[in-house]
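Overview (structure and organization)
One-letter residues, chain by chain:
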Amino acid sequence: MNRKWNFVRFIALIIAQINPKSAVSNTASLTSNKPRNPMVQTFNINNWGFEDADRKLLSEIKYKVDSLYEKSATTVCPQDGWVHYGNFSYLVIDIPTLKWSDARRTCEILGGDLAIVRSAAENNFIFDLIKKQKTITNWGVWLGLVRKADTKFYWIDDTPMANGYTAWLTGKPDSVSQKCAHMYGTGGGAGKWDDVYCDNSPSYFTSSPVILCKKNKSLNGSRP
């Protein structure tokens, strides 16, 4: 049981440990016909005490994120997983992520940021995108919405939430100690928002939000 939970914790922390500089060199192995070199990695998993099957899974996750970084840094979306809507492109990385900060860091590495939702149409688009993913968790996706010291919610561009569109589930937000926000992926609240702790316990791993990134539809991207 301890090994299982250590494995879960490690997966949840993978995104936070990615080094974008080494990601570029690692992605080259994906575009060639040469066998992958397990020693060329953004983070070293060979000496963490995992069994072969666990190391293989972690390597696949790492290569997926590395390739997304390389492609998003050099191409115009929509390509390579990015989906175009309006003046922006969106990317879902369907790996449950316990920490809001880890999700945001991943989006920044990929040239964007967590999504700011400006309208009902955009909210519906995002929810439709969630439903197309292989992994859909109950807590859906993290949003670029956070509660500040004044206990009010602001988007990551410092726009007050109160000044624009919202899609809170009835009765939400309901706790000043829950400082981050997500969009439900399943259940009666699917497509609606909820406030949640920014750093969740590993016991909530399978329910945790996955990563939703957004960037301007331009070369190299820019944050929304």
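The rules behind the values
Residues numbered from 1 in each chain as written. Predicted model: local features only at pLDDT ≥ 70, side-chain atom pairs only at ≥ 80, totals over all residues. Heavy atoms only, no water. Helix = DSSP H or I, 4+ residues; strand = E, 2+ residues; numbered from the N terminus. Buried < 20%, exposed > 50% of the residue type's maximum accessible area, 1.4 Å probe, protein only. Contact = heavy atoms within 4.5 Å. Areas by Shrake-Rupley, 256 points an atom, 1.4 Å probe, with all protein chains shown as cover. Disulfide = S-S within 2.5 Å. Pairing = 2+ DSSP bridges. Axes fitted to C-alpha atoms, helices over the stretch in contact; angles between N-to-C directions. Core = buried A, V, L, I, M, F, W, Y, C linked by side-chain atoms within 4.5 Å. pLDDT = per-residue confidence, 0-100. Polar contact = N/O pair within 3.5 Å; in protein donor to acceptor, adjacent residues only side chain to side chain.

As annotated in an unreviewed UniProt entry, the chain is C-type lectin domain-containing protein from Porites lobata.

**Details of the overall build of the chain**
Across its full length, the chain carries 5 helices and 8 strands. When the helices and strands of the chain are read in sequence order from the N terminus, they spell out α-α-α-β-β-α-β-α-β-β-β-β-β. Within the chain, the fraction of its 224 residues that count as buried is 47%. Put simply, of all contacts in the chain between residues at least 6 apart along the chain, 73% involve residues at least 24 apart. For the chain, the computed accessible surface area is about 10,800 Å², with 53% contributed by carbon and sulfur atoms.

**Details of the state of the cysteines**
Enumeration according to the criterion identifies 2 disulfides in this entry. At a sulfur-sulfur separation of 2.1 Å, the disulfide partner of Cys-107 is Cys-213. Around the S-S axis, the bridge from Cys-107 to Cys-213 shows a dihedral of about -85° and counts as left-handed. Taken as a pair, Cys-107 in helix α4 (residues 100-109) and Cys-213 in strand β8 (residues 211-216) lie far apart in primary sequence, 106 residues in all. Comparing Cys-107 with Cys-213 shows no difference in burial state: the two are buried. Put simply, Cys-180 and Cys-198 are joined by a disulfide, and their sulfur atoms are 1.9 Å apart. Across the disulfide from Cys-180 to Cys-198, rotation about the S-S bond amounts to roughly 100°, and the bridge is consequently right-handed. Taken together, the positions of Cys-180 in strand β6 (residues 180-183) and Cys-198 in the loop between β7 (193-196) and β8 put the pair 18 residues apart, joining distant regions of the chain.

**Here we look at the sheet that holds strand β2 (residues 88-93)**
Strand order in the open sheet formed by 4 strands is β1-β2-β8-β3, with antiparallel pairing between adjacent strands. If you trace the sheet from one side to the other, it starts and ends with β1 (83-85) and β3 (113-114), each paired once. Relative to the sheet, helix α5 (residues 120-131) contacts β1, β2 and β8, its axis offset from that of β1 by approximately 165°.

**Looking at the environment of Ile-130**
By the element assignment, Ile-130 lies in helix α5. Among the residues examined, Ile-130 registers a relative accessible area of 3% and is labelled buried. With residues up to four places along the chain from it excluded, the contact list for Ile-130 reads Ile-136, Val-141, Met-183 and Gly-185.

**Concerning the nonpolar core**
Counting 41 residues, the largest nonpolar core has Ile-126, Leu-145, Met-183, Trp-193 and Leu-212 as the members making the most contacts within it. Once residues lying within four places of it in the same chain are set aside, the contact partners of Ile-126 are Tyr-90, Ala-115, Val-117, Met-183 and Leu-212.

**Topic: the confidence of the model for the chain**
Scored by pLDDT, the chain has a mean of 78; 62% of the residues are at 70 or more. Predicted confidence is poor over residues 15-45, with pLDDT under 50, and the contacts of this stretch with residues over four places away or in other chains come to 55 contacts. In the predicted structure, residues 72-76 sits below a pLDDT of 50 and forms 11 contacts with residues beyond four places in sequence or in another chain.

**Notes on the sheet that holds strand β4 (residues 141-147)**
If you walk across this open sheet you meet the 4 strands as β5-β4-β6-β7, and the pairing is antiparallel. At either end of the open sheet lies a strand with only one pairing partner, and these are β5 (153-155) and β7. When strand polarity is set aside, the average angle formed by the axes of neighbouring strands in this sheet is 40°. Direction of pairing for β4 relative to β6: antiparallel, over a ladder of 3 bridges. In the strand pairing of β6, Val-146 is matched with Cys-180. Relative to β6, α5 is tilted by about 70°, and along the sheet it contacts β4, β6 and β7.

**What about α4?**
Among all positions of α4, only Trp-100, Asp-102, Ala-103, Thr-106, Cys-107 and Ile-109 are buried. Positive phi shows up at Gly-111, right after α4, with a value of about 95°.

**Description of the side chain of Asp-94**
Tracing the backbone through its elements, the reader meets Asp-94 in the loop between β2 and α4. Within polar-contact distance, the side chain of Asp-94 engages the backbone nitrogen of Thr-135 at 3.2 Å.

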